[in-house]
Amino acid sequence: MSLKNNYLIKNYQKDRTLKIKHNYLTEQFFDYKKILKNFEKVIKTNEFTLGKEVDEFENKISNLLKTKYIVSVGSGTDAIMLSLKAIGIQEGDEVITTPFTFYATIGAIVTAGAKPIFVDVREDYNINPDLIEEKITKKTKAILPVHWAGRVCEMDKINKIAKKYKLKIIEDSCHAILAKYKNKFAGKFSSFGCFSLHPLKNLNVWGDGGFVVCSNKYYYKKLRLMRNHGLVGRNKNLIFGYNSRLDTLQAVVALNALKKIKYITQKRIANSNFLDKKLTSIQNVKCVKRDKNIKEVFHLYKLNLKNKKIRDKTIKFLIKKGVDAKIHYPTSMHLQPAAKKFGYKKGDFPIAERLSQTSISIPVHEYVTRKNLKYIVNLISKCV
Ligand SMILES: *Cc1c(COP(=O)(O)O)cnc(C)c1O
C-alpha cells in the first residue's frame, strides 16, 4: 500500500463502468448547484462549525422522526462510540452485539473500551433475541442491535431482556432511517438511536456525518457536551470531551437530502416488493421472510443462494452483465483479523457465517428501473 494513496481509484472506476450501478451519486446530486448556492451563505457568515444550518438540520430530523432530542455528530461511528461513552463504558465492560454487521459497529465498541460479545443472527440477518440472555454476565453493560439492511430487530424481546438485567440499549440504525417496528421508528426503542449520513446511506451527505436520536434529556445534554470538547460557552470546560460535530457544510447538504428521503424510501420499498415477488418464485433463491410488524427501508436488498459456489458464480455473472452486485459482507466480524484477540473461532456463529457465504446485495435505489430489475431477476434465474 502506498503511503499517500487515500483513494481506491481502481475499485471505484471499475464499479462506475457497470450499467446498473449500486450507487447513483451523480444522479442523486444532479441539483448540486442549489447546494453550492447555500454553501455561499455559510462561507459569507464564516460559521464553519455548528451554527444555524446544524440547528436547522437537527430540528428537521426531530420533526421527521417525531422526537425531541437530536444530537448531530461527525459520523455514524462516532454516534455509536459517543453513546457508549455517555453510558460510562469502561475497559473490561461487555457489549452484546451481532457479528453480522459493518466494521464500524464493532470498531466503536472496541474504541469505547469494551469487549464485543457476539450473538448469532437469524435468517433475517438480525440478532437473535432468544440467544441474548445466555451471554449476559456481570460485565455486560449494553445490548447493541443493528437494524441490518433497514429491517428493525425484534425490539420487544430485546427491550424486555434489557429491562430485566438493567442493561442499556444502543441501536445501530445506520441502515434504518424511517424504518419501523410496530409502527415506531428505528432509533426510538432506546435512549440512543445512532444514524450515519455517509454518502452511501439512504440519507446522505458529501462526506461524513451522523446523529443520535436521544430520548433522554440527561443523555442528550451529555452528548451535546461530549461532541464539542465538553464546552459550555467559550470559556468553561465542564467535562473533557471529543471533537465530533456535524460539519456546517454537510448540514447544508443534509438539509437538501432530507427533502427527498421519503421519496427515496418509498422507491426502495416499491423496488423491493417487486423483487420479492419475482425472486421468491425462483427455486433455490431465498429472500427474507417479510413481517407485517416491520416496515423495512431496504438500505440493501439481500438474497441468499444455495451455497458459496453458486453465490460466487452468480456475482461474477451479474458483474459481467453490467450489474453492480455486491457482498455485504463476505466475512463475519468474529472471523476478521482485528477480532482475533477476542478468541472467537470458525463455527461459533453458524448462521452469520453461512449468510456471509451465500448472500448477495443487488441495486435497489431510486434510479433502478423496473426494466433493470427484470433484467437482474432474469440473470439470477440463469445461475441458480
Ligand atoms: C455505515 C455504518 C456505520 C458507520 O457509519 P459512518 O457514518 O460511516 O461512520 C455503522 N454501522 C453500520 C451498520 C453502517 O452501515
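Everything discussed here concerns the structure shown above.
Rules and cut-offs
Residues numbered from 1 in each chain as written. Predicted model: local features only at pLDDT ≥ 70, side-chain atom pairs only at ≥ 80, totals over all residues. Heavy atoms only, no water. Helix = DSSP H or I, 4+ residues; strand = E, 2+ residues; numbered from the N terminus. Rg over C-alpha atoms; globule rule 2.2 N^0.38 Å. Buried < 20%, exposed > 50% of the residue type's maximum accessible area, 1.4 Å probe, protein only. Contact = heavy atoms within 4.5 Å. Areas by Shrake-Rupley, 256 points an atom, 1.4 Å probe, with all protein chains shown as cover. Lys, Arg positive; Asp, Glu negative; His and termini not counted. Charge placed at Lys NZ, Arg CZ, Asp CG, Glu CD. Patch = residues over 30% accessible without salt bridge, like charges linked within 9 Å, V, L, I, M, F, W, Y side chains within 5 Å. Salt bridge = Lys/Arg side-chain N within 4 Å of Asp/Glu carboxyl O. Polar contact = N/O pair within 3.5 Å; in protein donor to acceptor, adjacent residues only side chain to side chain. Pairing = 2+ DSSP bridges. Axes fitted to C-alpha atoms, helices over the stretch in contact; angles between N-to-C directions. Parallel < 35°, antiparallel > 145°, perpendicular 65-115°, else oblique. Left-handed = near helix turned anticlockwise from the far one by under 90°. Nonpolar A, V, L, I, M, F, W, Y, C, P; charged D, E, K, R; others polar. Near = heavy atom within 4 Å.

A look at the overall build of the protein chain
Right, so step 1: Within the protein chain one finds 13 helices and 15 strands.
Right, so step 2: In summary, the protein chain has a C-alpha radius of gyration of 21 Å against a globular reference of 21 Å for 384 residues, a match within 12%.
Right, so step 3: Dimensions of the protein chain along its principal axes, counting C-alpha atoms only, are 65 × 55 × 50 Å.
Right, so step 4: For the protein chain, the proportion of its 384 residues judged to be buried stands at 55%.
Right, so step 5: The contacts in the protein chain between residues at least 6 apart in sequence include a share of 71% that link residues at least 24 apart.
Right, so step 6: Accessible area of the protein chain: about 19,100 Å², with a carbon and sulfur share of 53%.
Right, so step 7: Looking at charge distribution, the protein chain has the averaged site of its 73 positive side-chain charges lying 4 Å from that of its 33 negative ones.

A short note on a positive patch on the surface
Right, so step 1: Together, Lys19, Lys320, Lys321, Lys371 and Lys382 line one region of the surface with positive charge.
Right, so step 2: Checked against the element boundaries, Lys19 lands in the loop between helix 1 (9–16) and helix 2 (25–28).

A closer look at helix 5 (residues 76–86)
The α-helix advances 3.6 residues per turn, and as a result positions three or four apart in sequence lie on the same side.
Right, so step 1: With eight of its 11 residues buried, helix 5 lies for the most part within the structure.
Right, so step 2: Taken as a whole, helix 5 has its buried residues at Gly76, Ala79, Ile80, Met81, Leu82, Ser83, Leu84 and Ala86.
Right, so step 3: With a side-chain oxygen positioned 3.4 Å from the backbone nitrogen of Thr77, the residue opening helix 5 is Ser75.
Right, so step 4: Residue Gly88 follows helix 5 closely and has a positive phi angle near 90°.

Some words on the side chain of Thr98
Right, so step 1: Along the polypeptide, Thr98 turns up in the loop between strand 2 (94–97) and helix 6 (103–111).
Right, so step 2: One polar contact links the side chain of Thr98 to the main-chain amide nitrogen of Phe100, over a distance of 2.8 Å.
Right, so step 3: Apart from the residues lying within four places of it in its own chain, the contact partners of Thr98 are Ile106, Phe118, Val119, Val121, Ile127, Leu144 and Val146.

Focus on the pairing of strand 15 (residues 359–362)
Put simply, side chains in a regular strand alternate between the two faces of the sheet.
Right, so step 1: Residues of strand 15 alternate between two faces, with Ser359 and Ser361 on one and Ile360 and Ile362 on the opposite face, all of them buried.
Right, so step 2: In terms of strand pairing, strand 14 (residues 301–304) meets strand 15 through four bridges, oriented antiparallel. Bridge pairing in strand 15 places Leu303 opposite Ile360.

What about the packing of helix 5 against helix 8 (residues 217–226)?
Right, so step 1: At their nearest, the axes of helix 5 and helix 8 sit 10 Å apart, and the two run at 120° to each other. As summarised for this structure, helix 5 and helix 8 are arranged oblique, according to the angle between their axes. Viewed along their axes, helix 5 and helix 8 form a crossing whose handedness is right-handed. Facing Leu82, Ser83, Lys85 and Ala86 of helix 5, the residues of helix 8 in contact are Tyr219, Lys222, Leu223 and Met226.
Right, so step 2: Its residues assigned to classes, the contact of helix 5 with helix 8 shows five nonpolar, one polar and two charged.

Observations concerning the side chain of Ser75
Right, so step 1: With respect to the secondary-structure elements, Ser75 resides in the loop between strand 1 (69–73) and helix 5.
Right, so step 2: A polar atom in the side chain of Ser75 sits 3.0 Å from the backbone nitrogen of Asp78.
Right, so step 3: What Ser75 contacts, discounting residues up to four positions off in sequence, is Asp208, Gly209, Gly210 and Ser244.

As for the sheet that holds strand 12 (residues 286–287)
Right, so step 1: With antiparallel pairing, the three strands of this open sheet are ordered in space as 12-14-15. Two strands close off the open sheet at either side, each with one partner strand: strand 12 and strand 15.
Right, so step 2: Here helix 10 (residues 261–279) sits on the sheet in contact with strand 12, strand 14 and strand 15, set at roughly 15° to strand 14.
Right, so step 3: The strands that helix 12 (residues 350–358) touches are strand 14 and strand 15; relative to strand 15, the one it contacts most, it runs at about 50°.

A word on the pattern of salt bridges
Right, so step 1: Considering all chains together, one arrives at 23 salt bridges under this definition.
Right, so step 2: Across the pair Lys44 and Glu40 runs a salt bridge, and its minimum N-O distance is 3.8 Å. One end of the pair is Lys44 and the other is Glu40, both in helix 3 (residues 32–45) and four residues apart, which spans about a single turn.
Right, so step 3: A salt bridge links Asp324 to Lys326; its shortest N-O distance comes to 3.2 Å.
Right, so step 4: On the basis of relative accessible area, Asp324 is assigned to the buried category, the value being 3%.

Structural notes on the site of the ligand
Right, so step 1: For the ligand, the set of nearby residues contains 15 residues, the closest of which are Thr77, Asp172, His175, Ser196 and Lys201.
Right, so step 2: In this structure, Ser196 approaches the ligand through a side-chain N or O atom, which is 2.6 Å from an oxygen atom.
Right, so step 3: Take Lys201: an N or O atom from its side chain is 3.1 Å from an oxygen atom of the ligand.
Right, so step 4: Bound to the protein, the ligand loses 94% of the 380 Å² it would expose on its own.
Right, so step 5: Broken down by secondary-structure element, the contributors of at least two residues to the shell around the ligand are helix 5 and helix 6.
Right, so step 6: Residues that form the shell around the ligand fall into these classes: four nonpolar, nine polar and two charged.

What to know about a nonpolar patch on the surface
Right, so step 1: Taken together, the side chains of Tyr32, Leu36 and Trp206 make up a nonpolar region of the molecular surface, amounting to roughly 260 Å² of accessible area.
Right, so step 2: With respect to the element layout, Leu36 can be found in helix 3.
Right, so step 3: Among the residues examined, Leu36 registers a relative accessible area of 37% and is labelled partly exposed.

Things to note about the sheet that holds strand 9 (residues 210–214)
Right, so step 1: The seven strands lie next to each other as 1-9-8-5-4-2-3, forming an open sheet whose pairing is mixed. Lying at the two open borders of the sheet, with one neighbouring strand each, are strand 1 and strand 3 (115–118). Strand-to-strand, the axes of this sheet are offset by a mean angle of 25°, without reference to chain direction.
Right, so step 2: Where strand 2 lies against strand 3, four bridges are found, and the strand directions are parallel. The residue of strand 3 that forms the bridge with Val95 is Pro116.
Right, so step 3: Running over the sheet, helix 5 touches strand 1, strand 2, strand 4 (140–144), strand 5 (168–172), strand 8 (192–196) and strand 9 and is turned about 160° from strand 8.

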